[in-house]
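A structural walkthrough
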Amino acid sequence: MAGDFIRQLDDSGMQSGRGILQRLNIDITMLCLLLLLCAGGLFILYSASGQNMGMVYRQMVYLGLGFLVMVVVAQIDPRWFQMSAPWVYGVGIIALILVLVAGVGAKGAQRWLSVFGLFRFQPSEIMKLVTPMMIAWYLSSKLLPPRLKVIVVVFTLIMFPALLIFKQPDLGTALLISSAGIFALLFAGLSGRWIVIAIVTVLAVAPVMWYGVMHDYQKQRVLTFLDPESDPLGSGWNIIQSKTAIGSGGLEGKGWMQGTQSQLEFLPERHTDFIIAVYAEEQGLIGVLLLLILYMLITLRGIYMASRGRDTFARLFAGALIVTFFIYVFVNIGMVSGILPVVGVPLPLISYGGTSIVTLMAAFGVIMSVYMHRRI
Amino acid sequence: MSFASKDARIEKDIFTKRAYLAGFFVFLLVCALAARMSFLQITQHDLYASKSENNRVQLKTVEPIRGLIFDRNGVLLAENLPSHSLTIVPERVDNMSQTLGLIEALVGITPEERESFEKRVTAYRRPYEAIALKYRLDETQIAKIMVNDYFLKGVQVEAELVRHYPMDEDFAHVIGYVGQMNEAEKKRLDPIQYKVTRRIGKIGIERHYEKELHGQVGYQKVETNAQGRILKVLEKQSSIPGKNIILNLDARLQRTAMEAFKGRRGSLVAMDPATGGVLTMVSSPSFDPNLFVNGISYKDYNSLRDSLDTPLFDRAARGQYPPGSTMKPFLGLGFLETGVTNWKEEIKDPGWYMLENDERVYRDWKRRGHGDHINLRDAIIQSCDTYFYEMSFRTGIDNLHPFLSKFGFGQNTGLDIANALPALLPDREWKRIYRGRSWYAGDTLNLGLGQGFMLATPLQLATAMNVYAAKGQWHRAKLVQFIDNEPLVEETKPDDILLKNPENWDKMNNAMEGVIKHYLGTARGLKRNLKYRLAGKTGTAQIVGIKQNEEYDSEALLERQRDHALFVSFAPVDDPKIAIAAVVENGESAGATAAPISKKVIDQFLNDDRPKGIAYDF
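What you see is a predicted model; the values in this text were computed from it and never measured.

What counts as what
Residues numbered from 1 in each chain as written. Chains lettered and ligands numbered in written order. Predicted model: local features only at pLDDT ≥ 70, side-chain atom pairs only at ≥ 80, totals over all residues. Helix = DSSP H or I, 4+ residues; strand = E, 2+ residues; numbered from the N terminus. Contact = placed C-beta atoms within 7 Å. Buried ≥ 20, exposed ≤ 12 C-beta atoms within 10 Å, placed from the backbone. Pairing = 2+ DSSP bridges. Axes fitted to C-alpha atoms, helices over the stretch in contact; angles between N-to-C directions. Expected span 1.5 Å × (residues − 1). Bend = angle between axes of the 7 residues up to and from the residue. Nonpolar A, V, L, I, M, F, W, Y, C, P; charged D, E, K, R; others polar. Core = buried A, V, L, I, M, F, W, Y, C linked by C-beta atoms within 7 Å. Parallel < 35°, antiparallel > 145°, perpendicular 65-115°, else oblique. pLDDT = per-residue confidence, 0-100.

Okay, the overall build of chain B next. Assigned secondary structure in chain B consists of 22 helices and 21 strands. For chain B, long-range pairs separated by at least 24 residues make up 73% of all intrachain contacts whose partners lie at least 6 apart in sequence.

Attention now moves to the overall build of chain A. Within chain A, the regular secondary structure consists of 15 helices and three strands. Per-residue burial over chain A gives 48% buried out of 376 residues. Restricting the contact set of chain A to residue pairs at least 6 apart, pairs at least 24 apart contribute 71%.

Another point: the sheet that holds strand β9 (residues 230-237) of chain B. Residues and elements named next belong to chain B. Pairing within the open sheet is antiparallel, and its three strands lie in the order β1-β8-β9. Taken across any chain shown, the strands that pair with only one partner, and hence form the sheet edges, are β1 (57-62) and β9. The average undirected angle you get between the axes of adjacent strands in this sheet is 30°.

All names here are of chain A. For helix α6 (residues 123-140), which comprises 18 residues, the first-to-last C-alpha distance of 25 Å matches the rise-based estimate of 26 Å (1.5 Å per residue) to within 8%. Its maximal kink placed at L129, α6 deviates by approximately 35°, while the proline P132 follows within four residues. Across the 18 residues of α6, 16 count as buried, placing the element largely inside the fold.

Turning our eyes to something else, we now look at the interface of chain B and chain A. Many analyses report the size of an interface as the accessible area lost when the parts associate. With 37 residues of chain B in contact, the opposing surface of chain A contributes 46 residues. Of all the secondary-structure elements, those providing two or more residues to the side of chain B that touches chain A are α1 (8-43) and α2 (45-56) of chain B. For the side of chain B that touches chain A, the element with the most residues is α1 of chain B, which contributes 22 residues. When the residues that make up the side of chain B that touches chain A are grouped by side-chain class, the tally is 20 nonpolar, eleven polar and six charged.

Within the largest apolar cluster, 121 residues are counted, with the highest numbers of intra-cluster contacts made by A270, M465 and I580 of chain B. The biggest single contributor to this core is helix α20 (residues 458-469) of chain B, with eight residues. Setting aside its immediate chain neighbours within four residues, I580 of chain B contacts L268, A270, A462, M465, V568, S569, F570, S598, V601 and I602 of chain B. Counting residues in hydrophobic clusters, the runner-up holds 118 residues, among them Y62, V278, F317 and M335 of chain A.

What follows is about the environment of G67 of chain B. Residue and element names in this part refer to chain B. Its location among the elements puts G67 in the loop between β1 and β2 (69-70). Note on G67: 20 C-beta atoms within 10 Å, which makes it buried. Distance in space between the C-alpha atoms of G67 and A78 is 8.5 Å, their sequence separation being eleven residues.

Residue and element names in this part refer to chain B. With respect to topology, five strands assemble into an open sheet ordered β12-β11-β21-β20-β19, the strand pairing being antiparallel. Looking along the sheet, the strands with just one partner apiece sit at the ends: β12 (278-284) and β19 (535-541). Ignoring which end each strand starts from, the neighbouring axes of this sheet average 5° apart. The strands that α20 touches are β11 (266-271), β20 (564-571) and β21 (578-584); relative to β21, the one it contacts most, it runs at about 150°.

So, on to the environment of L264 of chain A. Residue and element names in this part refer to chain A. Note that L264 resides in the loop between α12 (260-263) and α13 (275-307). When the 19 C-beta atoms within 10 Å are taken as the criterion, L264 is described as partly exposed. Spatially, the C-alpha atoms of L264 and G50 are 8.9 Å apart, while their sequence positions differ by 214 residues.

Put simply, helix α14 (residues 312-336) of chain A and α1 of chain B touch, their axes get as near as 11 Å, and they point 10° apart. On the basis of the axis angle, α14 of chain A is roughly parallel to α1 of chain B. For the pair formed by α14 of chain A and α1 of chain B, the contact residues are T312, R315, G319, V323, F326, F330, I333 and G334 of chain A on the first element and E11, F15, A19, A22, V26, L29 and L33 of chain B on the second. Class assignment for the residues of the contact of α14 of chain A with α1 of chain B results in ten nonpolar, three polar and two charged.

All names here are of chain B. In terms of burial, β12 is largely enclosed, as seven of its seven residues are buried. Across six bridges, the pairing between β11 and β12 is antiparallel. Paired with L268 across the bridge in β12 is V282. Turn length for the β11-β12 hairpin, with the two strands adjacent in sequence and antiparallel, is six residues, and the turn residue G276 shows positive phi of about 85°.

Right, let's talk about unusual backbone geometry for a bit. Residues and elements named next belong to chain B. Cis peptide bonds are those with omega within 30 degrees of zero, and the linkage from S284 to P285 qualifies with -5°. When you line up the elements, P285 lands in the loop between β12 and α11 (290-293). A cis geometry characterises the amide bond from A571 onward to P572, with omega recorded as -20°. With respect to the element layout, P572 can be found in the loop between β20 and β21. The phi dihedral of T310 is positive, around 40°, even though this residue is not glycine. By secondary structure assignment, the location of T310 is in the loop between α12 (298-306) and α13 (315-318). For T310, a count of 15 C-beta atoms within 10 Å translates into the label partly exposed. Despite not being glycine, A423 has its phi angle at roughly 55°, a positive value.

Residues and elements named next belong to chain B. Put simply, chain B has an average pLDDT of 87, and 93% of its residues get 70 or more. Taken together, the stretch residues 546-550 has pLDDT below 50 and engages in two contacts with residues farther than four places along the chain or on a different chain. This stretch, residues 613-618, has a pLDDT under 50; its non-local contacts, to residues over four places away or in other chains, come to eight contacts. Reported confidence for the predicted complex is 0.89 by ipTM and 0.63 by pTM.

Residues and elements named next belong to chain A. Across its 21 residues, helix α3 (residues 28-48) extends 30 Å between first and last C-alpha, which sits within 8% of the 30 Å expected from 1.5 Å per residue. Among the residues of α3, T29, M30, L34, C38, G41, I44, L45, S47 and A48 are the ones counted as buried. Downstream of α3 by a residue or two, G50 has a phi angle that is positive, lying close to 75°.

Here the focus is the pairing of strand β3 (residues 76-88) of chain B. Here two bridges tie β2 of chain B to β3 of chain B, and the two strands are oriented antiparallel to one another. In the sheet register, F70 of chain B faces β3 of chain B, and the bridge partner there is L76 of chain B.

All names here are of chain A. Taken over all residues, the pLDDT of chain A has a mean of 86, while the share at 70 or more is 90%. In the model of chain A, helix α1 (residues 2-9) stands out as the element of lowest mean pLDDT, 51, in contrast to α13, which has the highest, 95. Long-range and interchain partners of residues 12-16, a stretch whose pLDDT sits below 50, account for one contact in this model, where long-range means more than four residues apart.

This is the structure we're talking about:
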């Protein structure tokens, strides 16, 4: 199984270089995989941005900053995360409320909070880390596997940030934060019974909502959300163009910077959310499979690192983060290839944009910290 | 639940189990994505490859260059000049009012330009289609737009070929003009050939020969981006330019005629008796056809439309006038042909004529009459009305109508003058249908003077004179001589006129020469400096009914109520080269207005010593 392969990567070779990196609490395997992904990402971005070198430079700055954040976060003992979890969570919720009351917006959504006019930040980004941290803190103090009362509290803890972010509105982030919390619960040993009950409940409630509660316009919205191609001039345009880009790439692709769909600007959001379509068009299925394998290796390595954590809090926190990282990948590629609804989720570490890079690298910092502080 | 019961080992085992499970699901989901990608990139590759190709490659239609129009000597009458227009692609403009504001500050926008632009933006159109805001930018304006290109997203300066008529108003009615295609025309025309054409012929030659002038569209296979901007030309099929048209008309003769009419309303048509080719066709006053090419402004259009002088009206082909005494040569031949008189018979003219059982007095234009010995020749020379009353009465409408029809009256006999009116040659049936009354003898008398119900256009009069000059040999009037070196063929034409006694042609010519040469001739004023043999006939057409016994006082009438003056003529008599009909509205005396104008044109034509068939400029 793939997990065995990942374990074999651990602690093998590279004895000479280990000294400094180990003192910096950096896992060499994960670092190499991340560097490979980021370097490849820069090449993809250069093509996807229409050979915009300025954009590539800025992305390099974001990545540099991201790696710096990762190294800094990796130095923090997981115990510090555990101790500060409820406080940070409380501050985060207040920040989210402030965003709704006094936030700064762009494109019809309020996501930013301006601090004394000095700088702006996005509380919802921080909550991507803080929510699983809070759930892990709560669960680590309870008897596991969790009982119903604990499950109810966990869902309440998830609901506060999720609803506040959904209000902004930012459905994608709200869903990802919710899933991060739920993954912590799953890693804590949530019984299969509850999972079955949840699925059955959703299946039972859905028709009641559909036929009894929802108005026609709401139904229409849901339908368009689930099947964007029914609206070819709106959100469907993006999906039709991205599928055309991917499909026309074939097995070997059209070659780097040769993708007509992306270079001729038929593809929307080509350097952000839809960047995988550029890559698939230019590098073909072979390139796509290589990238998927790279993402899978990072995820499996991350899960392994989380499992080696010192205590329950550390394992749950790191485990939730790495699985959420994979969910980003899955939702993004699934959306661009037309099997999932369109929600604004970037492709981790490849899509252009500083905020998501810094948050993701901070998460990898947490995973490094959990893994490297295992023996104390 | 208590902390005491927590077991770190159990929790670690749970996590490890779940971690394996998570790893397994990650693997499954990666496989799902790989399967989806394989489906798109392998199974459906062909479908999406062709979709992507269709996205990338577009077929652009290339507008053909419109054919040129020349006069008979190769003078350019309609050309295509490069013109720069300012166009906007609304889809690419972020803030339209800001963009328009900047353009206004740079090069100015008139309210009309703005209105017409906004109308076309809101009308149905293709996305990413450029819409013109200003036409005919000068060098300074182009430079100002180019320099500010950065601030003017979606604004372009486009060069295109625009029709231009260098002779301005001289040929406005004959050649017509091209103008912006309207929705109805767009539906009527071939959607492929006219896909990118913006202007089509609206009147005149431009309209009648639209098909020939337009040419065949070409295409370009181009690679475009999502904004429709052309990046690369992959394949090209050139358009085929429209055919060039060479007219029978003579630009210098046209100019001479226009100048001769300066300040007067009227029309003159000159034809070549050997071919029927129209040498000159003017309608005065005229207008500048160039105004219409880019869409005439409301102000200009209203002033043209509302002018009392009706410059837009094509008097030559559509102006219907009572032909008056210019009918007399044709009528005279009709009398002879019917046999009611001969060249020798003389009548007495007391200055009036009366029918039996009719109270009405039919007056001669000369109050005291033309004397006691008036034969047909005298009657032509002096334009004796009494003679024609008498002979028309004798001949009768049933003989006059068929004979006059042979000269093309009451029909549009022009070959390529589509909008010409047939005017009216009345007969018994016409009067019964349209007036609900039977034909009276008095109607025949009026017809005998070219008055009453009868109407003719200057083109009809010229055609009749042309057939007359060719001694009955018919040629239909034609504006065009060659289309791309192919001569215009006359497939059908009216029957030639065969007189029982062909000598009557010469005798009538002699009488018509007398109109100018004889000391009593009504156009004797033309005698001076006449270097060729000229035959003609004057005519006046009353436009205000004069009551019985009322003194005709032209001074009291407003200028616009004066009689129309007409003159038909041809020259040289022994070898006719040009036949003319001229109408001067409210010209009053034909001998003083219509006749001298005609003579100027004939002088110009016959004394023109330029080498034939060689292009020149003037």
